[in-house]
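Residues per chain, in single letters:
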Amino acid sequence: INPTRTLPAYATSCGKIMLAALDEKGLDEYLAATELVPLTNQTITSQGKLIAELEKIRRLGDALENRELIEGGMCLGVPIRDFTKNVVAAISLSTSYPAVDREKLMSLKGPLFEAGRRISAELGYMEE
């Protein structure tokens, strides 16, 4: 991956966190302007499946990218919120698969959420 290249939001954990935070109009605009191109055989290329994935992310609060961007890559992302309680960024943990499997990556969800909470607190976010 070229570090200067912009990655498609629908195929990254941080991107999916940001998409899940959009309101209906914002998501509709994104979907109308974006071709869901397969980057691997795991990439979500159906708008319906992507919408279902975003609903799951809203419910769980984290996003897993499982070999959707590159073969052999996995990434877990969580939101960063500011004082307005809006998602303004995301933080993620990337690994290679199968060196680290899904279960091991998900076992790191707690520390990743804690890092997200700390960064959010620095931006003035206060949990209810």
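Small disclaimer: the values here were computed from a predicted structure and weren't measured.

Asks: Just checking my understanding: could you explain the sheet that holds strand β2 (residues 73–81) for this structure?
Replies: Pairing between sheet strands relies on hydrogen bonds along the backbone, with the strands arranged either parallel or antiparallel. With antiparallel pairing, the three strands of this open sheet are ordered in space as β1-β2-β3. Among the strands making up the open sheet, the edge pair consists of β1 (63–66) and β3 (87–96). Across this sheet, the average inter-strand angle for adjacent strands is 20°, counted without regard to direction. Sheet topology note: the β1/β2 ladder contains four bridges and is antiparallel. Across the sheet, the residue bridging to Leu64 is Leu76, located in β2. Here helix α5 (residues 109–122) sits on the sheet and contacts β2 and β3; the angle it forms with β2, its principal contact strand, is near 35°.

Asks: What is the right way to look at the pattern of salt bridges in this model?
Replies: Side chains that differ in sign of charge can pair as their charged atoms come close. This structure, assessed with the given rule, holds seven salt bridges. One salt bridge in this structure joins Lys25 and Glu29, with 3.4 Å as the shortest N-O distance. Within this pair, Lys25 and its partner Glu29 are both found in helix α2 (residues 24–33), separated by four residues, close to a single helical turn. By relative accessible area, which is 59% here, Lys25 ends up exposed. Owing to a relative accessible area of 46%, Glu29 belongs among the partly exposed residues under this scheme. With a closest N to O distance of 3.1 Å, Arg118 and Glu114 form a salt bridge. Taken together, the positions of Arg118 and Glu114, both in helix α5 and four residues apart, correspond to about one turn of that helix. Under the relative-accessibility criterion, Glu114 is labelled partly exposed at 30%.

What counts as what
For every chain, the first residue of the written sequence is number 1, and numbering continues from 1 onward in sequence order. Note on the predicted model: pLDDT of at least 70 is required for a residue's local features to be given, and 80 or more for side-chain atom pairs to be given and counted; whole-chain, interface and lining totals, by contrast, use all residues. With hydrogens and water stripped out, all remaining heavy atoms of the structure feed into the side-chain values. One bridge is not enough; two strands pair if DSSP finds at least two bridges between them. Strands are runs of DSSP state E lasting at least 2 residues, helices are runs of H or I lasting at least 4, and numbering of each runs from the N terminus. Angles run from 0 to 180 degrees between N-to-C directions of axes, and those axes are lines fitted to C-alpha atoms, restricted for helices to the stretch in contact. Here a residue-residue contact requires only that any non-hydrogen atoms of the pair lie within 4.5 Å. Each reported salt bridge corresponds to a side-chain nitrogen of Lys or Arg within 4 Å of a carboxyl oxygen of Asp or Glu. Buried means the residue's accessible area, taken with a 1.4 Å probe over protein chains only, is under 20% of the maximum for its type, while exposed means over 50%, and partly exposed covers the values in between.

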